[in-house]
Amino acid sequence: MPEPLRQRYLDPARVVVVKIGSAVLTRDGRLHRPALARLGAEIAELRRTGRRVIIVSSGAVASGLQPLGLSSMPKAIVDKQAAAAVGQQILMAAWAEAFRKERVAVAQVLLTADDLDHRTRYLNARHTLQNLLHHGVVPIVNENDSVSYDEIKMGDNDHLSALVTLLVSADLLIMLTVVDGLRRGGLDGPVIPLVAADDEVSTHVARGKSATGIGGMATKVAAAALVGRSGVPAIIAPGTRKGVLRTLISGEEVGTLFEPRTRRLDPRRRWLATATRARGSLLVDDGARRALVERKASLLPAGIVRVEGRFASGAVVRICDAAGEPFARGLVSYASDEIDRVRGCKGAELPQILGYRYVDEIVHRNDMVIEKS
Ligand code: GLU
């Protein structure tokens, strides 16, 4: 039976990101082609309902293990990179095969965190993906594991799928995994069908992950929260269940639906929410924190108590409370050394201290996203 609340979120969803975990796509350490064939057919069916679909597919590292003679997930990053380089083309060939039967063309798009941190590269990636969708192609995205090293790594494909959702302004994120959804109290409880915007779910997040997967429930819940903060619903659902996409999109109760918290964010703020690496931090006093969170005010010099890191004007920074806990991020209008000189001062004093005055706001409201209120 379709659920009215679910239908409200799912019916209008036109652009959908489907993230598929390694454990769904592999069996005994190898790609399980029947699983790809089934999911290919299900995604083709979803497209026939007038929806555009982007896949975020894991499984590159897992597909590269056997050809490299490895029996389990390697620990060393260089081995993971090698396995990903071997496995990514095996993975893509398998997807192309699965979709060939459906007469659907696929495209490979590999991303690193760096691509999304720089606004021009972010816009390029966005245009490419949107153009592929426009041409009726299914983009298959993965992290560019063979060039990603720790510092520029997005981490896990759950996070990547949330970033891609925001990047293309998708209406829905579906994360397909080997479990049925978020379970009450962790592993054995009943599946929680709906997580409301402000529900605290950490007690239901079981630790641990599958042998092939990188993430686990925690990274999925974090990905759902990330898109939710930008106004996009997310679902965690069992990717091993036949017909899961059809059942789910019709509004039936399968998996866990995370209600979004806010209205959709504008494109600039969505980029701010995805930019993974902040260049520094501004610590603000409690009055400023409240003004930002409750009154939606801009950040003025008077409320800033400390500047951390060195950055130029236009950089993305974290905005933290006085104890250093981040609650927002934004684009600064001044460089770090300038902010350090004017912190605690009134806007009117800026010309005197800096010798010029650009704007009064250190971070303008329009260039800010609140991440925790
Ligand atoms: N990018 C990795 C792969 O394709 C997977 C990362 C993940 O599953 O979170 O093997």
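Here the structure is a predicted model, which is why all the values come from computation and not from measurement.

A. The packing of aromatic side chains, seen in detail. Counted according to the given criterion, the structure contains 2 aromatic pairs. Pairing Tyr-334 with Tyr-356 gives two aromatic rings, centres 6.0 Å apart and planes at 50 degrees, and the pair type is tilted. Here Tyr-334, found in the loop between β14 (326-331) and α13 (336-342), pairs with Tyr-356, found in the loop between α14 (350-354) and β15 (368-370); they are 22 residues apart in sequence, far enough to count as distant. One cation-aromatic arrangement involves Arg-8 over Tyr-9; the distance from NZ or CZ to the ring centre is 5.2 Å.

B. Broad picture of the sheet that holds strand β9 (residues 234-238). Pairing is mixed in the open sheet, where 8 strands are placed in the order β5-β6-β4-β1-β7-β9-β10-β8. Two strands in the sheet have a free side with no partner beyond their single neighbour: β5 (106-111) and β8 (194-195). One ladder, built from 6 bridges, connects β5 with strand β6 (residues 138-143); its direction is parallel. Following the sheet pairing, Leu-110 is matched in β6 by Asn-142. Here helix α3 (residues 33-48) sits on the sheet and contacts β1 (15-20), β4 (52-57), β6 and β7 (172-177); the angle it forms with β4, its principal contact strand, is near 155 degrees. Together, β1, β4, β5 and β6 form the strand contacts of helix α5 (residues 77-100), whose direction differs from that of β5 by roughly 150 degrees.

C. The site of the ligand, seen in detail. Taken together, 9 residues form the shell around the ligand, and within it Ala-60, Val-61, Asn-142, Asp-145 and Asn-157 come nearest. Within the contact set of the ligand, an oxygen atom lies 3.1 Å away from a backbone nitrogen or oxygen of Gly-59. In the environment of the ligand, an oxygen atom lies 3.0 Å from a nitrogen or oxygen atom belonging to the backbone of Ala-60. When the ligand is considered free in solution it has 300 Å² of accessible area, and contact with the protein chains removes 96% of it. Looking at the shell around the ligand residue by residue, the class counts come to 3 nonpolar, 4 polar and 2 charged.

D. Representation of the sheet that holds strand β12 (residues 304-308) within the structure. Pairing is mixed across the open sheet formed by 5 strands, whose spatial order is β12-β11-β13-β14-β15. Strand pairing shows two members of the sheet lacking a second neighbour, β12 and β15, which therefore form its edges. Here the strands of the sheet are splayed against their neighbours by 25 degrees on average, with no regard to which way each runs. Examined bridge by bridge, β14 and β15 share 3 bridges and lie antiparallel to one another.

E. Representation of α5 within the structure. Here α5 spans 33 Å end to end across 24 residues, near enough to the 34 Å set by a 1.5 Å rise per residue. The largest bend along α5 reaches roughly 30 degrees and is located at Gly-87. Of all the residues in α5, the buried ones are Gln-81, Ala-83, Ala-84, Gly-87, Gln-88, Leu-91, Met-92, Ala-94, Trp-95, Ala-98 and Phe-99.

F. Quick look at unusual backbone geometry. Within the chain, Asp-28 stands out as a residue other than glycine whose phi angle is a positive 50 degrees. Residue placement: Asp-28 occurs in the loop between β2 (26-27) and β3 (30-31). Backbone geometry places Ser-169, a non-glycine residue, at a positive phi of 55 degrees. Tracing the backbone shows Ser-169 in the loop between α8 (157-167) and β7. On the basis of relative accessibility, which here comes to 17%, the residue Ser-169 falls in the buried class.

G. Representation of the pattern of salt bridges within the structure. Throughout the structure, instances matching the rule amount to 13 salt bridges. With a closest N to O distance of 3.2 Å, Lys-220 and Asp-158 form a salt bridge. In this pair, Lys-220 is assigned in helix α9 (residues 217-229) and Asp-158 in helix α8, connecting sequence segments 62 residues apart. You'll find Lys-220 and Asp-158 in the same group, each marked buried. The residue Asp-180 makes a salt bridge to Arg-241 at a minimum N-O spacing of 3.6 Å. Highlighted residues: Asp-180 in the loop between β7 and β8 and Arg-241 in the loop between β9 and α10 (244-249), separated in sequence by 61 residues.

Reading the values: rules and limits
Here the residue index of a chain counts from 1 through its sequence in written order. With the structure being a predicted model, the display of local features is reserved for residues of pLDDT at least 70 and the display and counting of side-chain atom pairs for 80 or more, all residues being used for whole-chain, interface and lining totals. Here the side-chain values reflect all heavy atoms present in the structure, with hydrogen atoms and water set aside. Stacked, tilted and edge-to-face are the three classes assigned to paired rings of Phe, Tyr and Trp, where Trp is represented by its six-membered ring and a pair needs centres within 6.5 Å; plane angles under 30 degrees give stacked, over 60 edge-to-face, the rest tilted. In this description a helix means any DSSP run of H or I spanning at least four residues, a strand means any run of E spanning at least two, and both kinds are numbered starting from the N terminus. Charges are assigned to positions over rings by a cutoff of 6 Å between ring centre and Lys NZ or Arg CZ, combined with an angular limit of 35 degrees from the ring normal. The pairing criterion is simple: DSSP has to find at least two bridges between the two strands. A contact between two residues is defined here by any heavy atoms of the two lying within 4.5 Å. To obtain each axis, a line is fitted to C-alpha atoms, and for helices this fit is confined to the stretch in contact; angles are then taken between N-to-C directions over 0 to 180 degrees. In this text, near means that some heavy atom of the residue lies within 4 Å of the molecule or strand in question. Polar contacts here mean pairs of N or O atoms no more than 3.5 Å apart (in protein, one a potential hydrogen donor and the other a potential acceptor; neighbouring residues in sequence count only if both atoms are side-chain atoms). For accessible areas, the Shrake-Rupley method is used with a probe of radius 1.4 Å. Any residue's cover is judged against the shown protein chains and nothing else. In this count, Pro and Cys sit with the nonpolar residues alongside Ala, Val, Leu, Ile, Met, Phe, Trp and Tyr, while Asp, Glu, Lys and Arg are called charged and the others, Gly among them, polar. Given a helix with a known number of residues, its expected span is that number minus one, times 1.5 Å. Take the seven residues that end at a residue and the seven that start at it, fit an axis to each, and the angle between those axes is the bend at that residue. Only protein chains enter the accessibility calculation, which uses a 1.4 Å probe; a residue is then buried when its area is under 20% of its type maximum, exposed when over 50%, and partly exposed in between. The term salt bridge refers to a side-chain nitrogen of Lys or Arg lying within 4 Å of a carboxyl oxygen of Asp or Glu.

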